[in-house]
Amino acid sequence: MSLPFKPASTPWLLAHELRLTWRGFKAGRKASGPGAFIAFGVLGCLILVGGIFLGLAVRGVDVPVIPLASVIADLVLAVIMTLMLSTTLAASADALYERNDLDLLFSSPLAPRKVLFVRALGLAVNAGLWFLLPAVLLLTPSIVLGHWAWASVFVVLSAAALGASGVGLLLAMALFALIGPRRTRTVAQVMAALIGAAFFLASQYRNLMGERASESLFARIALDVKDRKIVLPPFADWPLRAALGQPVPLLVIVAVGAGIFLFAARVLGRRFADAAAATQGAETRKAAKGPTRAFAAGAFRATVRKELRLVTRDAALLSQVLLRVLYMLPLAFLLARNAAHMPVWALAGPAAAVTFLAGQIAGSLIWITVSAEDTPDLLAISPTPMRVLRRAKLTAALIPVALLLVVPIAALAWFAPLTALWTTIGAGLTAWSSGLIGIWHQKPGKRADFRRRRAGSFLAALAELLVAFLVGGATALAVAGLYVWALLPLIVAGAVMMALRRTDEQIGAALRAAA
């Protein structure tokens, strides 16, 4: 399909970038089935209905520019920019390391400066759309009903997207200068995961810091401002004023966001291109250099080492698995911290949650080690029996889970040894069960399809969730002291596992049928 712009123009290049992004988005949604599009449609309708009620509720009401409202606006904008920065940082690493098309574009008649500017602008547009579309649905009814100045919110979000994109590009270039091209990819993806999960960790402030902390860091700041314990610095109310349509604050925020973006896109544009070329050269030199360590003794140890190395080397997969880890660690440390002064039965819920999440992480890793194997044919004709290779892959998937749980479980064992024992057994059972299900019902795919892996085997995904819930429930009952009742979900989970079990011959036949 031809684009309705003059070829080689900036709008033409930007439309091409957005079309590639939309194509990737549609591919991911199609792999998940029509349910994903239906879910987005329902969510959009709910936001629109909420916007209608909001418009009717605030009709004829002006938002006051008071310290509490200013703090709320600042915190909301900070969270939005944090998420935008996470998206942009990950996309910057993808543009630098994954697409590998800059050499082709630079060899075309297009000006390199224009190519880099459009690439950076595409990052900003992609980051901003995820917030602009819900904002349009939510605020349009209020704008139509008389709050015309609230349309400035869309301008503020656009400026925030530009600023966050510029900061993301600057961070990517700073990482490249500090740690080199080979490590930048991993660190950038991990930083994106950490930044994206920052708002969740902030919401767990009270659980992590103890009873004397407030229910959340954001709520604590807002309450202190309301009680006049915190005096706002100058210009702290400008984001709110800009969102309400006041000209001077709006122009300043747009100028700041656009200035950061232009600085990153223009001044660092050439360095971005040089970094891409240096990165490709570094990867080539690394491949040509060959292995630096001796082979492990035995096929089992060699396979475990190989799988662990591949997991830690793939930055995109590492960051996505890390997101799941970030949700488990606060729960594990909450369980350990409260074990000293809470009754045993109150620890049942957090123990079940840790158990469930351990299975989810193991399920993700077993997909990487088994279904995302790059050379299945080579392994199939190797002299090592497949059962040995599968045990090695299962071990490689379980080792990171064990390492993640060792510290919080050890702390829990200091205060509540029996609870730590049941939690360890439950987490081990769910991780082991998820690993076995991933082996028995493997669905070969590419590592790039990690986010869409559940679409490959609906039965395996559903069974993995069911077994995790059952073992988590058994763990909670055991922690609460109801040992007899804990046997019931374990028996059901065992029956489900027996029904799902496949022999090596059945696994091979299923793989041949799928091929």
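For clarity, every value in this text was computed on a predicted model and none was experimentally measured. (Residues numbered from 1 in each chain as written. Predicted model: local features only at pLDDT ≥ 70, side-chain atom pairs only at ≥ 80, totals over all residues. Heavy atoms only, no water.)

Attention now goes to the overall build of the protein chain. Secondary structure assignment for the protein chain yields 22 helices and zero strands. Buried residues in the protein chain amount to 42% of all 515 residues. Taking contacts inside the protein chain between residues at least 6 apart in sequence as the whole, the part at least 24 apart equals 78%. Looking at the protein chain as shown, the accessible area adds up to about 26,900 Å², and 71% of this sits on carbon and sulfur atoms. (Helix = DSSP H or I, 4+ residues; strand = E, 2+ residues; numbered from the N terminus. Buried < 20%, exposed > 50% of the residue type's maximum accessible area, 1.4 Å probe, protein only. Contact = heavy atoms within 4.5 Å. Areas by Shrake-Rupley, 256 points an atom, 1.4 Å probe, with all protein chains shown as cover.)

As a further point, take the packing of aromatic side chains. One pass over the full model with this rule turns up four aromatic pairs. Judged by centre distance (5.8 Å) and plane angle (65°), the ring pair of phenylalanine 117 and phenylalanine 261 falls under edge-to-face. You can see phenylalanine 117 sitting in helix α5 (residues 112–144) and its partner phenylalanine 261 sitting in helix α12 (residues 247–267), a full 144 residues away along the chain. Neither phenylalanine 117 nor phenylalanine 261 differs from the other in exposure class; each is buried. A centroid spacing of 5.6 Å and a plane angle of 45° characterise the contact between tryptophan 422 and tyrosine 483, whose relative ring orientation is tilted. Placement of tryptophan 422 in helix α19 (residues 417–440) and of tyrosine 483 in helix α21 (residues 483–500) is noted, with a sequence separation of 61 residues between them. (Phe/Tyr/Trp six-rings, centres within 6.5 Å; stacked < 30°, edge-to-face > 60°.)

Working definition: two side chains of opposite charge can pair if their charged atoms are close together. Here the structure, examined in full by the defined rule, presents one salt bridge. A salt bridge links aspartate 237 to arginine 241; its shortest N-O distance comes to 2.8 Å. Arginine 241 sits in the partly exposed class, given a relative accessible area of 24%. (Salt bridge = Lys/Arg side-chain N within 4 Å of Asp/Glu carboxyl O.)

Next up on the list: the environment of leucine 48. Relative to the elements of secondary structure, leucine 48 occurs in helix α2 (residues 34–57). Judged by its relative accessible area of 36%, leucine 48 falls in the partly exposed class. Ignoring sequence-local partners within four residues, the contact set of leucine 48 consists of Leu137 and Pro141.

What follows is about the nonpolar core. Counting residues in each nonpolar core, the largest one holds 34 residues, and the members touching the most others are Leu365, Val401, Leu405, Ile437, Ile439, Trp440 and Val467. Top contributing element to this core by residue count: helix α16 (residues 348–371), with nine residues. Filtering out sequence-adjacent residues up to four positions away, tryptophan 440 remains in contact with Met497, Leu500, Arg501, Arg502 and Ile507. Core analysis: the next-biggest nonpolar cluster, separate from the first, contains 25 residues, Leu132, Val156, Ala161 and Ala164 among them. (Core = buried A, V, L, I, M, F, W, Y, C linked by side-chain atoms within 4.5 Å.)

Let's shift gears to the packing of α16 against helix α18 (residues 386–415). Between α16 and α18, the shortest axis-to-axis distance is 8 Å and the interhelical angle comes to 145°. Of the two possible hands of crossing, α16 and α18 adopt the one that is right-handed. Taking contact as the criterion, the partners of Val354, Ala358, Ile361, Ala362, Leu365, Ile366, Thr369 and Val370 in α16 are, on α18, Lys393, Leu394, Ala396, Ala397, Leu398, Pro400, Val401, Leu404 and Leu405. When grouped by side-chain class, the residues that make up the contact of α16 with α18 number 15 nonpolar, one polar and one charged. (Axes fitted to C-alpha atoms, helices over the stretch in contact; angles between N-to-C directions. Left-handed = near helix turned anticlockwise from the far one by under 90°. Nonpolar A, V, L, I, M, F, W, Y, C, P; charged D, E, K, R; others polar.)

Once that is clear, we can look at the side chain of serine 70. Take serine 70: it is sitting in helix α3 (residues 67–97). Leave out the neighbours within four places in its chain, and serine 70 touches Val65, Leu232, Ala236, Asp237 and Leu240.

As a further point, take the side chain of arginine 390. Mapped onto the elements of the fold, arginine 390 is located in helix α18. Judged by relative accessible area, arginine 390 falls into the buried class, the value being 11%. Setting aside residues no more than four positions away along its own chain, arginine 390 makes contact with Ile439, Gln442, Asp504 and Ile507.

Looking now at unusual backbone geometry. Within the chain, phenylalanine 235 stands out as a residue other than glycine whose phi angle is a positive 65°. Relative to the assigned elements, phenylalanine 235 resides in the loop between α10 (217–226) and α11 (238–243).

This next bit is on the packing of α19 against α21. In contact at an axis separation of 11 Å, α19 and α21 are set at 15° when each is read in the N-to-C sense. With respect to α21, the axis of α19 lies roughly parallel. Like other packed secondary-structure pairs, α19 and α21 cross with a definite hand, here left-handed. On α21, the residues that touch Leu418, Trp422, Leu429, Ser433, Leu436, Ile437 and Trp440 of α19 are Tyr483, Leu490, Met497 and Leu500. Broken down by class, the residue content of the contact of α19 with α21 amounts to 10 nonpolar, one polar and no charged. (Parallel < 35°, antiparallel > 145°, perpendicular 65-115°, else oblique.)

So, on to a nonpolar patch on the surface. On the surface, Leu482, Trp485, Leu487, Leu488, Leu490 and Ile491 cluster together into a nonpolar patch covering about 610 Å² of accessible area. With respect to the secondary-structure elements, isoleucine 491 resides in helix α21. (Patch = residues over 30% accessible without salt bridge, like charges linked within 9 Å, V, L, I, M, F, W, Y side chains within 5 Å.)

For α16, built from 24 residues, the straight-helix expectation of 34 Å at 1.5 Å per residue is met to within 8% by its first-to-last C-alpha distance of 34 Å. Of all 24 residues that make up α16, 22 are buried, and the element is covered over most of its length. (Expected span 1.5 Å × (residues − 1).)

Attention shifts here to the confidence of the model for the protein chain. Considering every residue of the protein chain, the mean pLDDT works out to 75; 66% of them sit at 70 or more. At the level of individual helices and strands, the protein chain shows its lowest average pLDDT in helix α13 (residues 269–289), which scores 52, and its highest in α11, which scores 90. A low-confidence stretch, residues 281–292 (pLDDT under 50), is modelled with five contacts involving residues beyond four sequence positions or located in other chains. (pLDDT = per-residue confidence, 0-100.)

By the secondary structure assignment, alanine 352 is in helix α16. The exposure class assigned to alanine 352 is buried, which follows from its relative accessible area of 16%. In sequence terms alanine 352 and alanine 474 are 122 residues apart; their C-alpha atoms lie 8.0 Å from each other. Excluding its chain neighbours within four sequence positions, the residues that come into contact with alanine 352 are Gly472 and Ala476.

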